[in-house]
Amino acid sequence: MSESELEIVVDDPTAPEENSPAVTSNRTVEVVVSLLLLALALTLGYDNWRTGMGWDPSGPEAGYFPFYLAVILAAASLYGLIAALVSRAAASETFVTRAQLRRVMAVFVPTLLFCLVTQFLGLYVASFLLIAGFMWFVGRIALWKSLLTAFVFTALMFVTFDIAFDVIMPKGPLEAAFGY
Amino acid sequence: MEAFGLLLHGFAVLLTWKILALMMVGLVLGIFVGVLPGLGGPNGVAILLPLTFTMDPTSAIVMLSCIYWGALFGGAITSILFNIPGEAWSVATTFDGYPMAQQGRAAEALTAAFTSSFIGSLVAVLLITFLAPVISSFALKFGPPEFFAVYLLTFCSFVGLGREDKHKTVISMALGLLLAGVGMDTVSGQLRMTFGSADLLRGINFLVAVIGLFGISEILLTMEERLALRGHAASISLRVVLSVWKDLPKYWATLLRSSVIGCWLGITPGGAIAASFMGYNLAKRFSKDPDSFGKGRIEGVFAPETAAHASGTAALLPMLALGIPGSGTAAILLGGLMVWGLNPGPLLFVEHKDFVWGLIASMYLGNVVGLVLVLSTVPIFAAILRVPFAAVAPMIVVSCAIGAYAIQNAMFDIWLMLVFGVVGYVFKKIGIPLAPFTLALVLGSRAEDAFRLSMIGSGGDLRVFWSNALVGSITTLAFVLLFWTVISRVFEVIGRLVRPNEAARTQS
């Protein structure tokens, strides 16, 4: 195969390095997740026990079915906890490297901010800010391209959902100023 | 032959300009979703579901199922041209598809992939056409105990037959069933697990969870990887298509074998991923020169693609006939049915004939239109990959948020989606499967209702699940599948104990 045959080439300038150090192992994460699930199972189990997990004249009470599920979930996560502590394989597997975590956070944090902004300024303003900001900061794409793409996409969404399909999205002061 | 008449009626329902246009839109969106990294069939359908809320059910399901077909077609494009499987079920397609592209036979490989996809789905649709009405009319006799036994069978087979650690499947399933119970209890009207929160009163919406689990988490996962890619551009000429089609009869055995595997694994919760690998491996084993596989053999493209598509399509059979989805995407379509006020299950064939046969007819039509569409537009779709991920990722996030919000008009759901995104990311990384969770969440309240109704009927006697031959055999089968690994190990041990004696006897 010759190089000239390759016709589509896309580069990734901010790709995570291969040799980045591990942040945590799979074992640590499995232990934490098992503990969280166990806590959840106990909380839900208690709540269902309080609701009533027995029988009344009309049949099983409201908490009956979910109570036993909580028991199953608790048992399975306890097993998972022990299995993770015992397992050697999970201890050596990397959950995420530092470079990977940085990239994941580069999406997660903007998404979190997007949800916050949506709550206060409405979805369309938030979506314009997210797309433009993400393309410019993270993707290192020219500012005018980022702004234009964000504007076109947001406008397209507004026309499709709010106008054409009548699916109403949360809105803030900006839309109110335009009378929507 | 009754099915045939109803099917013709289904075609009559479909053949309007509006529906055909929606079909094209669905297919294009689906291929788009299949080609893009970080999006797949289930996410695509979940995100685009809100678009259909204001449509009538038939148009909505036609568009959604076309998105699904499109995604199935789209996965093959990136596997062959870029060696990047767009979907997990097209991993096996890369084994021989990419070497073919390297040898300059990309057009041939793509034609083979699309054609075999088409054949696989066609076989599965034929199966649905003739089997689904039979099963559903049989299931009309089911009472609550039988239905609960069928749900139990579905859940148990996930645990027993899944490749993941058993306890992880159980965790995923129990969590799904528990979360399905949050909110108001449908029987007694009591509040459960809401902890005084007004937002939890509505319950945890299935589609919101799916959008978070598959959409947001997939973006996080995709960002971890190196996103640079290099691949081949290809256009398909009519000459290549015809020459591949001319050779098709030579491969009838591979195509048939893969179709059967796919249909079987689609109906049982084995799924398209398992089907594609099994199709590939069996084609290799039955081949006269297995060593030529992996070096660009066309059969290596035919086998996994046929199986994956047969399976993806056959997964809709249990959904239509029994109301039990055979795959994650089928579960989401099922969630859609409920949003449009249709009650999935055997009654669907009686109460909503137009809808069901319209859907089945759309499977035929969608696949034909899809085949023509992908064959003619491959270069355009391959070029989509030129769009940087930094532009695609935020757009997917916004679409997810719109989808999550639109379901119940609740800001709380956007936050819930974010939480499920993180949960999905962590679960995928530590090997807790998401499909059982999805299935449990969508079936949870129905399974609970069936259980409680049977308990009320029997006065709390669990023997009701063995009260007649039908329910008894389903329940027993469920337990056999649940403990399948234990049972098969016992048989192995017995076999080992018996065989040495035999060997000793034959030697002496």
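Refer to the structure printed above.
Rules behind the numbers
- Residues numbered from 1 in each chain as written.
- Chains lettered and ligands numbered in written order.
- Predicted model: local features only at pLDDT ≥ 70, side-chain atom pairs only at ≥ 80, totals over all residues.
- Heavy atoms only, no water.
- Helix = DSSP H or I, 4+ residues; strand = E, 2+ residues; numbered from the N terminus.
- Rg over C-alpha atoms; globule rule 2.2 N^0.38 Å.
- Buried < 20%, exposed > 50% of the residue type's maximum accessible area, 1.4 Å probe, protein only.
- Contact = heavy atoms within 4.5 Å.
- Areas by Shrake-Rupley, 256 points an atom, 1.4 Å probe, with all protein chains shown as cover.
- Lys, Arg positive; Asp, Glu negative; His and termini not counted.
- Charge placed at Lys NZ, Arg CZ, Asp CG, Glu CD.
- Phe/Tyr/Trp six-rings, centres within 6.5 Å; stacked < 30°, edge-to-face > 60°.
- Lys NZ or Arg CZ within 6 Å of the ring centre and 35° of its normal.
- Buried area = accessible area lost by both parts, 1.4 Å probe.
- Salt bridge = Lys/Arg side-chain N within 4 Å of Asp/Glu carboxyl O.
- Polar contact = N/O pair within 3.5 Å; in protein donor to acceptor, adjacent residues only side chain to side chain.
- Expected span 1.5 Å × (residues − 1).
- Patch = residues over 30% accessible without salt bridge, like charges linked within 9 Å, V, L, I, M, F, W, Y side chains within 5 Å.
- Axes fitted to C-alpha atoms, helices over the stretch in contact; angles between N-to-C directions.
- Parallel < 35°, antiparallel > 145°, perpendicular 65-115°, else oblique.
- Left-handed = near helix turned anticlockwise from the far one by under 90°.

**Points about the overall build of chain A**
Here is step 1 of the chain: When helices and strands are counted, chain A shows seven helices and five strands.
Here is step 2 of the chain: Mapped from its N terminus to its C terminus, chain A presents α and β elements in the order β-β-α-β-β-α-α-β-α-α-α-α.
Here is step 3 of the chain: For 180 residues, the compact-globule estimate of 2.2 N^0.38 gives 16 Å, and the C-alpha radius of gyration of chain A, at 25 Å, exceeds that figure by more than 25%.
Here is step 4 of the chain: The C-alpha extent of chain A, read off along each of the three principal axes, is 65 × 55 × 30 Å.
Here is step 5 of the chain: Looking at chain A residue by residue over its 180 residues, the buried ones come to 44%.
Here is step 6 of the chain: Taking the intrachain contacts of chain A between residues at least 6 apart in sequence as the baseline, contacts between residues at least 24 apart amount to 61%.
Here is step 7 of the chain: Surface exposure of chain A reaches about 9,800 Å², of which carbon and sulfur atoms provide 68%.
Here is step 8 of the chain: Between the centroid of the 9 positive side chains of chain A and the centroid of its 15 negative side chains there is a distance of 11 Å.

**Section: the packing of aromatic side chains**
Between two aromatic rings, the relevant description is the distance of the centres plus the angle of the planes.
Here is step 1 of the chain: Enumeration over the complete set of coordinates arrives at 24 aromatic pairs over all chains.
Here is step 2 of the chain: The interplanar angle of 35° and the centroid separation of 6.1 Å between the aromatic rings of Tyr46(A) and Trp49(A) together place this pair among those described as tilted. Placement of the pair is Tyr46(A) and Trp49(A) together in helix H1 (residues 26-51), with a separation of three residues, close to one helical turn.
Here is step 3 of the chain: What makes Trp49(A) exposed here is its relative accessible area of 52%.
Here is step 4 of the chain: Geometrically, the ring pair formed by Phe65(A) and Phe451(B) is tilted, given 5.5 Å between the ring centres and 40° between the ring planes. With one member in each of two chains, Phe65(A) in helix H2 (residues 64-86) and Phe451(B) in helix H20 (residues 435-458) form a pair that bridges those chains. In this structure, Phe65(A) and Phe451(B) share a single accessibility class: buried.
Here is step 5 of the chain: Among the aromatic residues, those joined into a cluster by ring pairs are Tyr64(A), Phe65(A), Phe67(A), Tyr68(A), Phe148(B), Phe451(B) and Phe465(B).
Here is step 6 of the chain: Sitting over the ring of Phe95(A), Lys429(B) keeps its end group 5.0 Å from the ring centre.

**Details of the interface of chain A and chain B**
Here is step 1 of the chain: Counting from both sides, the interface comprises 74 residues of chain A and, opposite them, 73 residues of chain B.
Here is step 2 of the chain: In total, about 6,600 Å² of surface goes out of reach between chain A and chain B, with carbon and sulfur atoms giving 77% of it.
Here is step 3 of the chain: One can count one salt bridge joining chain A with chain B.
Here is step 4 of the chain: In this structure, Lys168(B) engages Glu30(A) in a salt bridge whose closest nitrogen and oxygen atoms are separated by 3.4 Å.
Here is step 5 of the chain: Between the two partners, chain A and chain B, sit six residue pairs in polar contact (both at pLDDT 80 or more).

**So, helix H13 (residues 299-314) of chain B**
The periodicity of an α-helix, 3.6 residues per turn, causes residues three or four positions apart to be oriented the same way.
Here is step 1 of the chain: With 16 residues, H13(B) should reach 22 Å at 1.5 Å per residue; the first-to-last C-alpha distance of 22 Å fits that figure.
Here is step 2 of the chain: Taken across its 16 residues, H13(B) has 16 buried, putting it largely inside the fold.

**Concerning a nonpolar patch on the surface**
All names here are of chain B.
Here is step 1 of the chain: Among the surface-exposed residues, Trp466, Phe479, Phe483, Val486, Val490, Phe491, Val493, Ile494, Leu497 and Val498 lie close enough to one another that they form a single nonpolar patch of about 960 Å² accessible area.
Here is step 2 of the chain: The dominant element in the nonpolar patch, judged by the number of residues it contributes, is helix H22 (residues 484-507), at seven residues.
Here is step 3 of the chain: Inspection of the secondary structure assignment puts leucine 497 in helix H22.

**Examining unusual backbone geometry**
All names here are of chain A.
Here is step 1 of the chain: Unlike most non-glycine residues, arginine 140 shows phi in positive territory, near 55°.
Here is step 2 of the chain: Mapping arginine 140 onto the fold places it in the loop between helix H5 (123-138) and helix H6 (143-164).
Here is step 3 of the chain: Given a relative accessible area of 59%, arginine 140 falls into the exposed group.

**Points about the packing of helix H8 (residues 166-180) of chain B against H20(B)**
All names here are of chain B.
Here is step 1 of the chain: Running from amino to carboxyl end, H8 crosses H20 at an angle of 30°, the nearest separation of the two axes being 7 Å. Relative to H20, the element H8 is oriented roughly parallel. Seen from above, H8 lies across H20 with right-handed handedness. Residues Thr169, Ser172, Met173, Leu175, Gly176, Leu177, Leu179 and Ala180 of H8 form the contact with H20, whose own contacting residues are Pro436, Phe437, Ala440, Leu441, Gly444 and Ser445.

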